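What follows is each chain in one-letter form.
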Amino acid sequence: MKKIIVAIDGHSSCGKSTMAKSLARRVGYTYVDTGAMYRAVTLFAIRNGFFSEDGTIDSASLAGKIKDIRISFKTGADGLQKTLLNGETVEDEIRGMEVSGKVSPISALGFVREAMVEQQRIMGRDKGVVMDGRDIGTVVYPDAELKIFVTASDEVRARRRFDELEAKGGNRSTYEDVLKNVRERDYIDSHREISPLRKADDALVLDNSDLTFEQQDEWLMSHFIAATAD
Ligand code: DC
């Protein structure tokens, strides 16, 4: 069985990372959550005061610091993957509404994308990775052996994200806030100038609005087996 790169792209909160993680665990591959990387850069920008009151980004200051941002991943004591920003675990902070509301404009900056794509290519150098994001099959790994484009209706995605926030506790957002955020991010992600979200021509499409986790896992597994056959 040959080692491959699995590129999973799609809209926000469509369950990409759940299926990517599950495949990586089953086949012993490394999972790379590239959205978490853009979220960690956003947290860095917030902490350093690079956002003004009206949401404008001081991109010159962020550009000057971009080489100082190191993002890595580790498995926590609970067996779940955690995102580290310069060695500090920031997993919970990067999932909150503040970062979610500011991450799209950060991920639209060319110098941010260049720095992240460089780190992502290093992470996949030896193959054996499942990477999820928006531009993995189109920009980061256009030669990936297996490319998947995942989608689901905006209401289904907002409901899933809302349930996730509720399950974590301390949620102050309504379902309507979350739906608005999902739609705004879709718009910015697919209309930005650099690396907009789009399906690679050779990607397989999965609409999981009405699928169970098990059904989507099996669908992905069968394509993985076909793609790794010698
Ligand atoms: O997958 P996510 O919701 O955690 O992603 C957070 C943001 O980062 C989202 O607005 C899109 C952006 N992103 C991106 O531009 N490119 C990627 N490869 C991954 C995420």
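For clarity, every value in this text was computed on a predicted model and none was experimentally measured.

Rules behind the numbers
- Residues numbered from 1 in each chain as written.
- Predicted model: local features only at pLDDT ≥ 70, side-chain atom pairs only at ≥ 80, totals over all residues.
- Heavy atoms only, no water.
- Helix = DSSP H or I, 4+ residues; strand = E, 2+ residues; numbered from the N terminus.
- Rg over C-alpha atoms; globule rule 2.2 N^0.38 Å.
- Contact = heavy atoms within 4.5 Å.
- Areas by Shrake-Rupley, 256 points an atom, 1.4 Å probe, with all protein chains shown as cover.
- Lys, Arg positive; Asp, Glu negative; His and termini not counted.
- Charge placed at Lys NZ, Arg CZ, Asp CG, Glu CD.
- Near = heavy atom within 4 Å.
- Polar contact = N/O pair within 3.5 Å; in protein donor to acceptor, adjacent residues only side chain to side chain.
- Nonpolar A, V, L, I, M, F, W, Y, C, P; charged D, E, K, R; others polar.

This part is about the overall build of the chain. A count of helices and strands for the chain gives 10 helices and 8 strands. Whereas a compact globule of 230 residues would reach a radius of gyration of roughly 17 Å, the chain reaches 17 Å, a difference of no more than 12%. Its C-alpha atoms give the chain principal-axis dimensions of roughly 55 × 40 × 35 Å. A sequence separation of at least 24 residues applies to 73% of the contacts in the chain between residues at least 6 apart. Summed over its atoms, the accessible surface of the chain is roughly 11300 Å², and 50% of this surface lies on carbon and sulfur atoms. Between the centroid of the 33 positive side chains of the chain and the centroid of its 38 negative side chains there is a distance of 3 Å.

What follows deals with the site of the ligand. Not every one of the 15 residues close to the ligand is listed here, only the nearest: Arg 39, Arg 113, Asp 135, Arg 185 and Arg 192. Between the ligand and Thr 34 there is a distance of 3.0 Å, counted from a nitrogen atom to a side-chain nitrogen or oxygen. Side-chain polar atom of Asp 135 to a nitrogen atom of the ligand: 2.8 Å apart, as the coordinates give it. Where the shell around the ligand is concerned, the elements lending two or more residues are α2 (34-47), α5 (97-107) and α9 (175-191). Broken down by element, the shell around the ligand gets its largest block of residues, 4 residues, from α2. Broken down by class, the residue content of the shell around the ligand amounts to 2 nonpolar, 6 polar and 7 charged.

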